[in-house]
Amino acid sequence: MVVRRKGEVLFLSVLMGMAGYLFYLTFSLSPSWYQPVGAADYSRFIFVLLEIVCGLRMFKIFRQAKFNEKSTLDNKIEIKRIRNCVLLTMLVIFIYLIGLTSLGYFISTFLFLVICMWILSYYSLKIIPKAILISIILVALLYILFGQILNIYFPPRVLLF
Amino acid sequence: MSNFLIGLQSVVSWYALPLIASGVALGLIFGAIPGLTATLAVALILPFTFGLPPVIGQVTLIGAFVGGISGGLVSATLLGIPGTPSSIATTFDAFPLAKKGQPIKALKTGIISSFIGGIISGMILVVASTQLAKIALSFGPYEYFMLAIFGLTVIVSLGEDSWVRSFISALFGLTITLFGMDPVDGVPRFTFGFTRMQTGFNLIPTLLGLFVFSQLFSEIEKISERYIFKAKEKMDSFRFGLREIKNNWLNFIRSSLIGTGLGILPGVGGAIANFVCYDQAKKASNKPESFGKGAIEGIIASETGNNATTGGALVPMLTLGIPGDTVTAVLLGGLMIHGIQPGPLLFVEEVELIYGIFAGFFIANFFMLIIQYVFGIKLFTWALRVPKYILLPIIVAMCTVGCYAINCQIFDVWVLFLFGLIGYGMKKYGYPIPPAVLGFILGPIAEKNLRLALMHSGGSYLPFFTRPISLIMFCATIFSIFISLRGVAKFSRKGN
């Protein structure tokens, strides 16, 4: 629970920091002429409110008694395994988005689908042929729908598609 | 009545009915897939309607519109991911009900509710469209601002266990609307010198990021479970009968009226209606504590409300020529391509067309019911048999292409990813996501209309309380907050 609370404090700190920085930036906004409430005033109101409510939540968090959640070794291993799986998926999605502009939409989508299915199946090699087949079908359908029927132009790419 | 029969004659033919059914089916598919929207479905069909008679072309497009809004129910129920912004509130109860092993009950309730909402709004459209258009025209910045504030009161009841967290979430949603072009002056705000930021964050990537990616990562955390639902030998065999309709008739009527009313107002629509209907149903319920845990009243309210907006949205489009949102803008384009200028004169000069559209709207709703109830449920529940390791990457790929297709900008795809990470963080630390989305939807309406109203009144806040509709909205807001706080107090007492 302490870890979870630390995470929430960090989350709120980032939110408060962002609100504070944006509040500071409002002073560099162009003034709104003939407006009782301008763009900067309205934004400041929202940021101040956000700071107050986040502050209230922080106060509540620190006021609550802390307690540790004891976890078993097995539990720890499972938590670590799940966390790694989530982080790896995030990384794969990030690389996929970079790949959209370098490899092209269809090739990067194909690779993403195969790799992601492999990761989420807990690295089972058995599913690879199935994953390749599904990915080819899906990419082909997307190509027909978006590339041919809707005529949507995907980002410039270095490869064929 | 005779006009309606003339209209009905023009759309009931061997050649029009299959077209309407195809439009509905395509809309349902697009609505059901996260990332693809009703707008995209209507835009896809639009070129095919150029060669058709105007009335048939228009009802085919309306079919896709009705299907697109209803289709959002499917992914909201089976994946906990709203297929469209109109079905966000559906996820609150439909997904938990499906998780309890009753996906068929959740789907059937949603389908029937969508149908009833569509039919009631259609009746209102036929009977009172011109009168309602006048009411819509009387909405100025004061009324819109009060409406946005009324909508925001929903956040109190969305966060019963911690209204502070709910409030933080809503304020976060309001904050992200501040990026981009200022809605009154048109001056760039918090763009950090990036040209792409001038348009701010688009609704669909933000919504999909917050909902889909957060749900996706939560499902990955439970990846040891092979399916989203525990594999069952047999699905529940629930029948939505007259008893359910009788027990919830007030909910149906209330949600239909709210949905139609909000649908009429340009720029409001289904994204807000589903929240407001859900909130009102919760407040009126004898068992508000069951909401969020699979209450069918919640599904009825959200789905009836969002489908009722479809009829409402056609009111300003046909009577005034004002499109309320992007879908009705495409529908309007479909009429104008044929040289038809919507407006009050259309009701005098093009009786067959207008009543043909009205009749087509009813037919589209019937097709929506038949396609979903008879064929859809079997197909949708098939998705439950797809293992997570296949389903989740496909959802990511669909969301990515859907977000890119909106503006053909890779920026929107990065927005999807960014808000996905934020949404996951929020979910992990117990911050509800719906208030953030509500803040994001209502933020621009609130800011623009507050500033315009104050410019109009010379800085005086008095007109907010002296104009009749605005005053009614204000009273409704106070009443809504009071009821919500009473609910929160009850909840806290029970918790203690």
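Residues numbered from 1 in each chain as written. Chains lettered and ligands numbered in written order. Predicted model: local features only at pLDDT ≥ 70, side-chain atom pairs only at ≥ 80, totals over all residues.

Draft legend 1. Looking closely at the overall build of chain A. Summing up its helical and strand segments, chain A has five helices and zero strands in all. Helices and strands appear in chain A in the N-to-C order α-α-α-α-α. In chain A, which comprises 161 residues, the proportion classed as buried is 24%. A separation threshold of at least 6 residues defines the contact pool for chain A, and within that pool the share at least 24 residues apart is 64%. (Helix = DSSP H or I, 4+ residues; strand = E, 2+ residues; numbered from the N terminus. Buried ≥ 20, exposed ≤ 12 C-beta atoms within 10 Å, placed from the backbone. Contact = placed C-beta atoms within 7 Å.)

Draft legend 2. Region of interest: the overall build of chain B. A tally of helices and strands in chain B yields 22 helices and two strands. The C-alpha atoms of chain B give a radius of gyration of 22 Å, which matches the 23 Å a tight globule of 496 residues would have. Projecting the C-alpha coordinates of chain B onto the three principal axes gives extents of approximately 65 × 65 × 50 Å. Summarising the internal contacts of chain B: among those between residues at least 6 apart in sequence, 79% fall at separations of at least 24. (Rg over C-alpha atoms; globule rule 2.2 N^0.38 Å.)

Draft legend 3. Representation of helix 5 (residues 128-149) of chain A within the structure. With 22 residues, helix 5 of chain A should reach 32 Å at 1.5 Å per residue; the first-to-last C-alpha distance of 30 Å fits that figure. If you look at helix 5 of chain A, its biggest bend is around 25°, right at Y143 of chain A. Of the residues making up helix 5 of chain A, those classed as buried are A131, S135, V139, L142 and F146 of chain A. In this structure, the buried side of helix 5 of chain A is in contact with helix 4 (105-120) of chain A together with helix 18 (388-407) of chain B. Two residues or fewer after helix 5 of chain A comes N151 of chain A, characterised by a positive phi angle close to 55°. (Expected span 1.5 Å × (residues − 1). Bend = angle between axes of the 7 residues up to and from the residue.)

Draft legend 4. Structural detail: the domain arrangement of chain A. Splitting chain A by domain gives domain 1 (2-63) and domain 2 (73-149). Computed from C-alpha atoms alone, the centre-to-centre distance between domain 1 of chain A and domain 2 of chain A is 37 Å. (Domains from an automatic or database assignment.)

Draft legend 5. A look at the nonpolar core. Formed by 195 residues in total, the largest nonpolar core has its most connected members in V24, V42, F65 and A364 of chain B. With 15 residues, the single largest contributor to this core is helix 17 (residues 351-382) of chain B. When residues of this core are assigned to domains, at least three map to each of domain 1 (2-63) and domain 2 (73-149) of chain A. With residues near it in sequence (within four places) discarded, V42 of chain B still touches L61, A64, F65, G68, V327, V330 and L331 of chain B. (Core = buried A, V, L, I, M, F, W, Y, C linked by C-beta atoms within 7 Å.)

Draft legend 6. Focus on the interface of chain A and chain B. Counting from both sides, the interface comprises 49 residues of chain A and, opposite them, 44 residues of chain B. Secondary-structure elements contributing two or more residues to the side of chain A that touches chain B are helix 1 (2-25), helix 2 (39-63), helix 3 (73-102), helix 4 and helix 5 of chain A. Of the residues forming the side of chain A that touches chain B, the biggest block, ten residues, is contributed by helix 2 of chain A. In the side of chain A that touches chain B, the residues fall into 38 nonpolar, nine polar and two charged. (Nonpolar A, V, L, I, M, F, W, Y, C, P; charged D, E, K, R; others polar.)

Draft legend 7. Representation of the environment of L335 of chain B within the structure. Along the chain, the position of L335 of chain B falls in helix 15 (residues 326-336). It is 9.7 Å that separates the C-alpha atoms of L335 of chain B and L318 of chain B, two residues lying 17 residues apart in sequence.

Draft legend 8. Representation of unusual backbone geometry. Residues other than glycine seldom take positive phi values, yet Y122 of chain A does so here, at roughly 60°. Structurally, the position occupied by Y122 of chain A is in the loop between helix 4 and helix 5. With phi around 50°, F190 of chain B is a residue other than glycine that occupies positive phi space. Of note, F190 of chain B is situated in the loop between strand 2 (188-189) and helix 10 (203-221).

Draft legend 9. Layout of the UniProt feature "transmembrane region" (unreviewed entry) in chain A. The UniProt entry lists residues 9-30, 42-62, 82-99, 105-125 and 132-154 of chain A under the feature "transmembrane region" (unreviewed entry), expressed in the numbering used here. Annotated as residues 42-62 of chain A, this span is 100% helix and 0% strand, and its ends, taken at the C-alpha atoms, are 31 Å apart. (UniProt positions renumbered as here; feature names shortened; annotations may be inferred.)

Draft legend 10. The arrangement of the packing of helix 4 (residues 54-78) of chain B against helix 6 (residues 103-137) of chain B in detail. Residue and element names in this part refer to chain B. One can describe the packing of helix 4 onto helix 6 by two numbers: an axis separation of 10 Å at closest approach and a directional angle of 160°. The angle between the axes of helix 4 and helix 6 places the two elements in the roughly antiparallel class. Between helix 4 and helix 6 lies a crossing of right-handed hand. Where helix 4 approaches helix 6, its residues V66, S70, L73, T77 and L78 are matched on the opposing element by P103, A106, L107, G110, S114 and G118. (Axes fitted to C-alpha atoms, helices over the stretch in contact; angles between N-to-C directions. Parallel < 35°, antiparallel > 145°, perpendicular 65-115°, else oblique. Left-handed = near helix turned anticlockwise from the far one by under 90°.)

Draft legend 11. Summary view of the environment of F252 of chain B. Residue and element names in this part refer to chain B. Among the structural elements, F252 can be located in helix 12 (residues 249-264). Exposure remark for F252: the 22 C-beta atoms within 10 Å place this residue in the buried category. The residues touching F252, leaving out its near neighbours within four places in the chain, are I116, I300 and T304.

Draft legend 12. Here's a closer look at the environment of E297 of chain B. Residue and element names in this part refer to chain B. Assignment of secondary structure puts E297 in helix 14 (residues 296-319). Residues E297 and A281 lie 16 residues apart in sequence; the distance between their C-alpha atoms is 6.9 Å. Setting aside anything within four residues of it in sequence, one finds E297 in contact with N248, N251, A281 and S285.

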